[in-house]
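Coordinates in review
Listed here are the chains, written in short residue letters.
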Amino acid sequence: MRIGIDSDHAIVIGGSLAGMFAAHALRNHFAQVTVVERDDLPEDAGHRAGVPQSHHAHGLLARGQQIIEAQFPGIMAELQRDGALETRLERLVIVTPAGKMTPTQDAESGTFVSRYLLEWKIRQRLMSDTRIRFIFRAEAVGLHTDASRTRVTGVALRYRKGQTGDTTLYGNLVVDATGRRSDAPRWLSALGYDPPPEETVNSGVGYLSRFYRRPNNFPADWDGIIINARPPHNPRAGLILPIEGDRWHVTLGNYAGHYPKAEAATDAGFLEFAQQLADPSLYEAIRVAEPLTPVKMFRTPTNRFRHFEQLRRTPEGFIAVGDSVCAFNPIYGQGMTTSALGSLVLAEVLSDRSPGFERRFQRALARAVDAPWFIATSEDLRWPGVMLQGASPRLGTPLLRRYVTLLLEAACADPVVSRAYMRMLNMLDLPVALLRPAVAVRVFGHALGRRLGLISASDEWALSPAMIAFLRTQALHQK
Ligand SMILES: Cc1cc2nc3c(=O)[nH]c(=O)nc-3n(C[C@H](O)[C@H](O)[C@H](O)COP(=O)(O)OP(=O)(O)OC[C@H]3O[C@@H](n4cnc5c(N)ncnc54)[C@H](O)[C@@H]3O)c2cc1C
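Residues numbered from 1 in each chain as written. Predicted model: local features only at pLDDT ≥ 70, side-chain atom pairs only at ≥ 80, totals over all residues. Heavy atoms only, no water.

**Brief notes about the overall build of the protein chain**
Secondary structure assignment for the protein chain yields 13 helices and 22 strands. Since a compact globule built from 479 residues should have a radius of gyration of about 23 Å, the 23 Å found for the protein chain is in line with a globular shape. Summarising its shape, the C-alpha atoms of the protein chain cover approximately 70 × 50 × 40 Å along the three principal directions. Across the protein chain, the fraction of contacts at a sequence separation of at least 24, relative to all contacts at a separation of at least 6, is 74%. By element, 52% of the accessible surface of the protein chain is carried by carbon and sulfur atoms, the whole surface being about 20800 Å². (Helix = DSSP H or I, 4+ residues; strand = E, 2+ residues; numbered from the N terminus. Rg over C-alpha atoms; globule rule 2.2 N^0.38 Å. Contact = heavy atoms within 4.5 Å. Areas by Shrake-Rupley, 256 points an atom, 1.4 Å probe, with all protein chains shown as cover.)

**A closer look at the side chain of D414**
Of note, D414 is situated in the loop between α10 (397-411) and α11 (415-425). Residue classification places D414 among the buried residues on the basis of a relative accessible area of 12%. At 2.8 Å, the side chain of D414 forms a polar contact with the side chain of R442. Dropping the residues within four chain positions of it, D414 is found in contact with T102 and R442. (Buried < 20%, exposed > 50% of the residue type's maximum accessible area, 1.4 Å probe, protein only. Polar contact = N/O pair within 3.5 Å; in protein donor to acceptor, adjacent residues only side chain to side chain.)

**Re the nonpolar core**
Judged by nonpolar contacts, the single largest core of 88 residues is most densely connected at L26, I68, L118 and I122. In this structure, this core is formed jointly by two domains, domain 1 (9-58 + 117-199 + 303-376) and domain 2 (85-111 + 201-301), each of which donates at least three residues. Other than its neighbours up to four places away in sequence, I68 contacts F21, L60, I75, M76, L118, I122 and A340. Grouped together as the second largest cluster of nonpolar side chains are 23 residues, L208, Y212, I227 and L252 included. (Core = buried A, V, L, I, M, F, W, Y, C linked by side-chain atoms within 4.5 Å. Domains from an automatic or database assignment.)

**A closer look at the pattern of salt bridges**
According to the stated counting rule, one finds 30 salt bridges in the structure shown. D40 serves as the salt-bridge partner of R137, at 2.9 Å between the closest nitrogen and oxygen. Highlighted residues: R137 in the loop between β7 (132-135) and β8 (138-145) and D40 in the loop between β2 (32-36) and α2 (62-71), separated in sequence by 97 residues. Overall, the relative accessible area of 22% leaves R137 in the partly exposed class. Of the charged contacts in the structure, one is a salt bridge between D370 and R394, with a shortest N-O distance of 2.8 Å. Of the two residues, D370 sits in helix α9 (residues 357-380) while R394 sits in the loop between β22 (388-389) and α10, which places them 24 residues apart along the sequence. On the basis of relative accessible area, D370 is assigned to the partly exposed category, the value being 29%. For R394, a relative accessible area of 32% corresponds to the partly exposed category. Through salt bridges with shared partners, one network takes in E37, D39, R48, R115, E119 and R123. (Salt bridge = Lys/Arg side-chain N within 4 Å of Asp/Glu carboxyl O.)

**Description of the site of the ligand**
Taken together, the neighbourhood of the ligand is formed by 33 residues, with S16, E37, H58, D323 and M336 sitting nearest. Within the backbone of G335, a nitrogen or oxygen atom sits 3.3 Å from an oxygen atom of the ligand. Protein chains shield 96% of the accessible area of the ligand, which is 1000 Å² for the free molecule. At the level of elements, α1 (17-26), β8, β18 (296-300) and α8 (335-350) are the ones that each hand at least two residues to the shell around the ligand. Taken domain by domain, the shell around the ligand gets at least three of its residues from each of domain 1 (9-58 + 117-199 + 303-376) and domain 2 (85-111 + 201-301). (Near = heavy atom within 4 Å.)

**Brief notes about the domain arrangement of the protein chain**
Per the domain assignment, the segments making up the protein chain are domain 1 (9-58 + 117-199 + 303-376) and domain 2 (85-111 + 201-301). Taking the mean C-alpha position of each, domain 1 and domain 2 sit 31 Å from one another. Contact with domain 1, which involves 17 residues of that partner, is made by 19 residues of domain 2. In total, about 1500 Å² of surface goes out of reach between domain 1 and domain 2, with carbon and sulfur atoms giving 63% of it. For domain 1, the biggest contributors to the area lost against domain 2 are H56, A57 and I331; these three give 39% of the whole. (Buried area = accessible area lost by both parts, 1.4 Å probe.)

Written out as C-alpha cells, the structure reads:
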C-alpha cells in the first residue's frame, strides 16, 4: 500500500510497547497508522534484539494493568490462559530498606507475565486492526520536512537485508518511540533545531538475570519477592517475579555504579550475589531451583528525562513518547506503565488536533511523567556519588526523603501505611497522597512510639517455618 503525502497518516517509529500504545491512541484520529520497526516480526513470544531488556524481570504496575486492560479488553484473562499468574498483590513480598513491608490486606490482584508475552499479545491485537499496519526490518534514519523545515512530513527508512519498500514514508504526524537510545535529538539537530534539554541521574544500575523453574511443592508463602537495596551500605537488590510456564524470572541488581563483575554471571557467582542481599529469602529459593537459562547482564547507567516540552522551537508534525522521553532506573518498574499512561495523554490531546497539539502533548506528557520520575530519582539520590544533572534539586526533597524513611519504618508494621505506599508505587496515587493526614498521623505516631521505646524496630524477615521445612527436605534429597 502506498500512502501519499496528503493522506491522513501517522507514522510511529519503534514497534515496542510505547510505540504500540501510541498506535492504539492514534488509530481513532488518523485514517491510517503505520508502525515502523527495525526488528523482524517475531515468530512467537520471545526475546528480540531491539528489546534486550526483556531478558530482565519486568513488573507491570497496577495502574499499567488497568490501562492495558481498558485498551485491550480481556487481555489479562488471555494472558492468564497462556500461563501468566494472577495472584493477590499481598502475595508479592516487599522487603524495603526498613524491613519487610506489612501485607496491605487488599483483595486486589495482579497479573505476572514476561515482558515478551505481554508485547506479543498486544501486537496480535493491533495487527488485527485494519487501521494499523506494521513494517518490520525497516530502520528510521532521519526525518523529512517541508521546504521551510517547519513541518515534519515523513521518515527516511533503511531496510534490512531481505526487506524492500519505499525509502521515504510520508505522514502528517511522526511519533518517535525508539526507546532510551533514541536518535530523535540528533535528527532534530540535523534539521537546525535544538535537541531537548536533558535531566539525568547517574544511578549506575547493573542487572543480572536468569529464568528458573519454580520448584514443585514450593511452600506457598509468597508468589514473588522484591528485596530492595539499603542505602548507603548494601547496594544490592533482587527480585523473583512469577511468570508463565511455572517459571521464576530472577533479577539481581547493583546500584550506584557498583556494577556486578563478570564472575557474577556464573552459576556460583549468581548465587553468591544473591546471598549478599539484605534478606535471605531470594537466595534460599533459587538455591533449590533449576536454572533454565544462562545469566544475562545489562547496564542502565543513567536515568534520563528529555524535556521536549521545554524546546522553544520544534517542527510541527513530530512528537516523542515512552522511554525516548523518559527512561527510568528500571528497578521501580515504571517504564511500561508510564508508556501506557502516555497513550491516554495522547488520546486526550488528539481530541483537539488544532495547531500546536504537538507542543500541548509534550507538555501534558511531561506533567504525567513528573511523578514517576520524582519517585525514582529522589530515592536514587540517596546514594553517595549519584547526582542530578540538568535541573536543580527540588525544594524539600531532603525533608521528603526523611519522611519516606519514617514511612517505610511504619509500613513494616501498619497495613494502612503500607497500602498508601503500595498505591503510590503502583502509580494509582500521586506521591502527595503519602502526606494525607490519615497516613501522616500514623507515620509520625509510629516514629514517636519507636523513639519512646514503645514500639520495637520490625524484625528482619526471617524464613517462614514452611520454607525452612521445605529446604530441609531438599537437603535430604540431595544427600
Ligand atoms: C533492564 C530493564 C528492566 C526494566 N524493567 C522494567 C519493569 O520491571 N517494569 C517496567 O514497567 N518497565 C521496565 N523497564 C522499561 C521498559 O522496558 C520500557 O519502558 C518499555 O519497553 C517501553 O519502552 P519503549 O517502547 O519506549 O522502548 P523500547 O522497549 O526500548 O523499544 C524501542 C523499539 O524501537 C525499535 N527501534 C529503535 N530504533 C529504531 C529505528 N531507528 N527505527 C525503527 N525501529 C527502531 C527497537 O527495535 C524497539 O522495538 C525496564 C527497562 C530495562 C532497561
